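# Reading the structure
Chain by chain, the residues:
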Amino acid sequence: MAGKNEDIIICRCEEVTLGEIREWIEKGYETFDELKRVLRVGMGPCQGRGCREMILREISAKTKVPVADIHPGTFRPPAKPVKLAVLAEGGDK
Amino acid sequence: MFWRRTADVVVIGAGVQGCSIAYNLAKMGVKDIVVLEKGTICSGSTGRCGAGIRAQWGTEMNCRFGLAAVEKFEQLHDELGMDCGLNQSGYLMVAYKDSEFEQLQKSMKLQNSLGINTRVVTYDEAKEICPGLAAEDAVGFTFHERDGHADPFLTTFAYMEAAKRLGVEFLRFTEVTDVKTVAGRVAGVATNRGDIDAPVVVNAAGGYSQFIAKMAGVEIPNLSERHEILITEPVEPGVCPPMLMSFSGNYYIQQRPHGSIIGGCSPEGHPQDYDLGNSWDFLEMMSRTFVRLLPRTKGVRVVRQWSGLYNMTPDRQPVLCEADNVKGFFLSCGYSGHGFMFGPISGELLAQLILGQEPWIPIGMLHYSRFERGELLIEPAVV
């Protein structure tokens, strides 16, 4: 049963499983940004929209810190992916 | 909480420099090493960099460092037991001015004399190396196939994990607030969590190294500039396999093995605000460079932009030495934008210096006293 859950893909952009996330939390990578840097979770096109909450809950389960008190990691622009050609045209200053 | 009061060596900063220095010292037999990091491992400049590794440099010093680092990276996975994401697809240098191409060829002669097999390539060859390239306006190209890029996160974590296995302790969220000295010798550090006495303290604090140096009473002329960078969604491989770099074009662009493309440039105005924010101006300028240079990326989407600090010195070469006036206080900083790629070699050389050995590549000229003497080692090949 546990083995089955471990294969669930949590970060779909970068195809990272629950098992991998738990393995690295266990090794001491206990913040969202550390997991992002070692596993690339949240670095794909959705920028963590799909996986962030689930990963914060996993960190909470290990560290016993409430999800609301865990730093959610850094948010960077753009808010959604934008084509290079559109950006290259510029905008109003 | 257990708090250690002493250590044989305290390393300040857990970027690639700090982790490599700690690992190399432990490998050479030093027992009681602690690395202090004010954030998390690799949360500073290393984790924000463009990830390039090259031996195509314009000074003998940097060529020797670059080649030695390339050779280290080639066997790092085996040595550290963790994949570092090495991808040797070369650096393709693009010159848009005759004087720039002359400089590239001059550097190439120097590189060739030191065993670095850089060569001039034609535009047709350049397009074979980089299939998405459009550079009709370029006057010449040089290429070195052993250059490339690696994953800065995985490389730093690999050093940390290997160092931990050798007994090194890493303390996150631990900020150094003072460096203590007694009668011209370093005596330890004070942190937000307590003091640690140590006969050796290493300043590998990247963008903040000038502040750490000042705490020890050591003046270095380093300044930190914010540089910006972006990454796209992953697309099919082969758009831009090498690191594409131009000094006059002001860009570096590479495609990661899993398909996303990373690009950065030198900022206008050289901001020194220590604010790791993002600007619209960069996004627009860099996007224009992308679509001009790699027209097939027009429909590719940018997913993220971020920034990091270049710790600059007056000659864009590092400070790697022991302080004159504070014995036992060592510095590894001022890499001016290429600290990641030099990490594997500078960590080993500084560990040798700390242990009283002769560094196998001489580093005497990297002492900060060169700035006062006016003996700068100016590196022409920097974006």
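Per chain, the residues get numbers from 1 upward, laid out in the order the sequence is written. Written order decides the labels, with chains lettered from A and ligands numbered from 1. pLDDT decides what is reported in this predicted model: residues at 70 or higher carry local features, side-chain atom pairs at 80 or more are listed and counted, and totals for whole chains, interfaces and linings draw on all residues regardless. Excluding hydrogens and water, the side-chain values take into account all heavy atoms of the structure.

Looking only at helices and strands, one finds ten helices and 19 strands in chain B. Every radius of gyration here is taken over C-alpha atoms, with the globule rule written as 2.2 Å times N^0.38, N being the number of residues. Computed over the C-alpha atoms, the radius of gyration of chain B is 20 Å, within 12% of the 21 Å expected from 2.2 N^0.38 for a compact globule of 383 residues. Any two residues having at least one pair of non-hydrogen atoms within 4.5 Å are treated as being in contact. Here the contacts in chain B between residues at least 6 apart in sequence split such that 75% fall between residues at least 24 apart. Accessible areas in this description were obtained via Shrake-Rupley with a 1.4 Å probe; residue shielding takes into account the shown protein chains only. When the accessible surface of chain B is summed, it comes to about 14000 Å², and 51% of that surface belongs to carbon and sulfur atoms. Secondary structure elements follow DSSP: runs of H or I of four or more residues count as helices, runs of E of two or more count as strands, with numbering from the N terminus.

In a beta sheet, neighbouring strands are held together by backbone hydrogen bonds and run either parallel or antiparallel to one another. Residues and elements named next belong to chain B. Spatially, β8-β2-β1-β12-β19-β18 is the arrangement adopted by the six strands of the open sheet, whose pairing is mixed. What marks the edges here is a single partner per strand, and that holds for β8 (169-171) and β18 (319-322). Taken over all neighbouring pairs, the strand axes of this sheet differ in orientation by 15° on average, direction set aside. Here, a strand pair is defined by DSSP locating no fewer than two bridges between the strands. Across three bridges, the pairing between strand β2 (residues 33-36) and β8 is parallel. Bridge pairing links Leu 36 to Leu 171 in β8. Where helices are involved, their axes are fitted lines through C-alpha atoms of the stretch in contact, as for all axes, and angles between N-to-C directions lie from 0 to 180°.

Two aromatic rings are characterised by how far apart their centres lie and by the angle between their planes. By convention, a stacked pair of Phe, Tyr or Trp rings (six-membered ring in the case of Trp) has centres within 6.5 Å and planes under 30 degrees apart, an edge-to-face pair has planes over 60 apart, and any other such pair is tilted. In the structure shown here, the tally under the stated rule is ten aromatic pairs over all chains. Between Trp 57 of chain B and Phe 342 of chain B, the ring centres sit 5.8 Å apart and the planes meet at 50°, which makes this aromatic pair tilted. Of the two residues, Trp 57 of chain B is situated in the loop between β3 (52-53) and α2 (60-74) and Phe 342 of chain B in helix α9 (residues 339-354); the sequence distance between them amounts to 285 residues. As far as burial versus exposure is concerned, Trp 57 of chain B and Phe 342 of chain B are alike and both buried. What links up through ring pairs into an aromatic cluster is the set Trp 24 and Tyr 29 of chain A together with Phe 157 of chain B. Each residue is assigned to one of three classes by its accessible area relative to the maximum for its type, calculated with a 1.4 Å probe on protein chains only: buried under 20%, partly exposed between the two thresholds, exposed over 50%.

Moving on, we get to empty space enclosed by the protein. A 1.4 Å probe that fits but cannot get out identifies a cavity on a 1 Å grid over protein atoms alone, an open set with protein on both sides within 12 Å along at least five of seven lines counts as a pocket, and a residue lines either if it has an atom within 4 Å of a point. Grid points are joined across faces, edges and corners, and a volume is the space filled by probe spheres set on the points. Summed over the entire model, instances satisfying the criterion amount to one cavity of 30 Å³ or more. What the largest cavity holds in volume is close to 40 Å³. Around the largest cavity, the lining residues are Glu 14, Arg 40, Met 43, Gly 44 and Pro 45 of chain A together with Ile 231, Thr 232, Glu 233, Pro 234, His 258, Ser 260 and Val 303 of chain B. Here the lining of the largest cavity is composed, by residue class, of five nonpolar, four polar and three charged. Nonpolar residues are Ala, Val, Leu, Ile, Met, Phe, Trp, Tyr, Cys and Pro. Charged residues are Asp, Glu, Lys and Arg, and all others, Gly as well, are polar.

Okay, the pairing of strand β16 (residues 261-265) of chain B next. Residues and elements named next belong to chain B. Of all five residues that make up β16, five are buried, and the element is covered over most of its length. Alternating positions in β16 separate into two faces, Ile 261, Gly 263 and Cys 265 on one and Ile 262 and Gly 264 on the other, with burial throughout. Note that strand β13 (residues 223-232) and β16 share four bridges and pair antiparallel. Within β16, the position partnered with Ile 229 by the bridge is Gly 264. Between the end of strand β15 (residues 251-255) and the start of β16, which pair antiparallel, lie five residues, with Gly 259 showing a positive phi angle near 115°.

Right, let's get into unusual backbone geometry. Here the residue pair Pro 77 of chain A and Pro 78 of chain A is connected by a cis peptide bond, since its omega of -5° sits within 30 degrees of zero. If you trace the backbone, Pro 78 of chain A turns up in the loop between α4 (52-63) and β3 (82-83). Even without being glycine, Glu 15 of chain A reaches a positive phi, approximately 55°. Along the chain, the position of Glu 15 of chain A falls in the loop between β1 (9-11) and β2 (16-17). In this structure, Phe 173 of chain B takes a positive phi of about 50° despite not being glycine. Relative to the assigned elements, Phe 173 of chain B resides in the loop between β8 and β9 (176-182). A relative accessible area of 44% means that Phe 173 of chain B is categorised as partly exposed.

So, on to the domain arrangement of chain B. All names here are of chain B. Partitioning chain B into structural domains gives domain 1 (9-47 + 153-222 + 315-373) and domain 2 (91-145 + 225-310). Taken together, the contacts link eight residues of domain 1 with four residues of domain 2. When two components associate, each loses some accessible surface as probed by a 1.4 Å sphere; the sum of these losses over both components is called the buried area. Note on domain 1 versus domain 2: buried area summed over both sides is about 540 Å², and carbon and sulfur give 56% of it. Considering only the surface of domain 1 that becomes buried against domain 2, Ser 45, Tyr 208 and Gly 337 emerge as the three largest contributors, covering 51% of it. Put simply, a salt bridge is a Lys or Arg side-chain nitrogen that is within 4 Å of an Asp or Glu carboxyl oxygen. Counting the contacts that link domain 1 with domain 2 gives zero salt bridges. Domain start and end points were adopted from an automatic or database domain assignment.

Counting 97 residues, the largest nonpolar core has Leu 35 of chain A together with Phe 65 of chain B as the members making the most contacts within it. Looking at which domains feed residues into this core, each of domain 1 (9-47 + 153-222 + 315-373) and domain 2 (91-145 + 225-310) of chain B gives three or more. When near neighbours in sequence (up to four residues on either side) are disregarded, Leu 35 of chain A contacts Ile 21, Trp 24, Ile 25, Tyr 29, Arg 40, Val 41, Ile 55 and Ile 59 of chain A. We call a set of buried Ala, Val, Leu, Ile, Met, Phe, Trp, Tyr and Cys residues a nonpolar core when their side-chain atoms join them within 4.5 Å. Counting residues in each nonpolar core, the second largest holds 32 residues, with Leu 87 of chain A together with Phe 290, Leu 294 and Val 302 of chain B among its members.

Leu 18, Gly 19, Ile 21, Trp 24 and Ile 25 of chain A are the residues of helix α2 (residues 18-26) of chain A that are buried. Note on α2 of chain A: the residue one or two positions beyond its end, Gly 28 of chain A, has a positive phi of about 105°.

Residues and elements named next belong to chain B. As summarised here, the arrangement of the three strands in space is β9-β10-β11, forming an open sheet in which the pairing is antiparallel. Each of the sheet's edge strands pairs with one partner strand only, and the pair in question is β9 and β11 (194-197). Geometrically, the sheet is characterised by an average inter-axis angle of 25° between neighbouring strands, direction not taken into account. In this structure, β9 lies alongside strand β10 (residues 185-191), joined through six bridges in antiparallel fashion. Residue pairing in the sheet places Asp 178 in a bridge with Ala 190 of β10.

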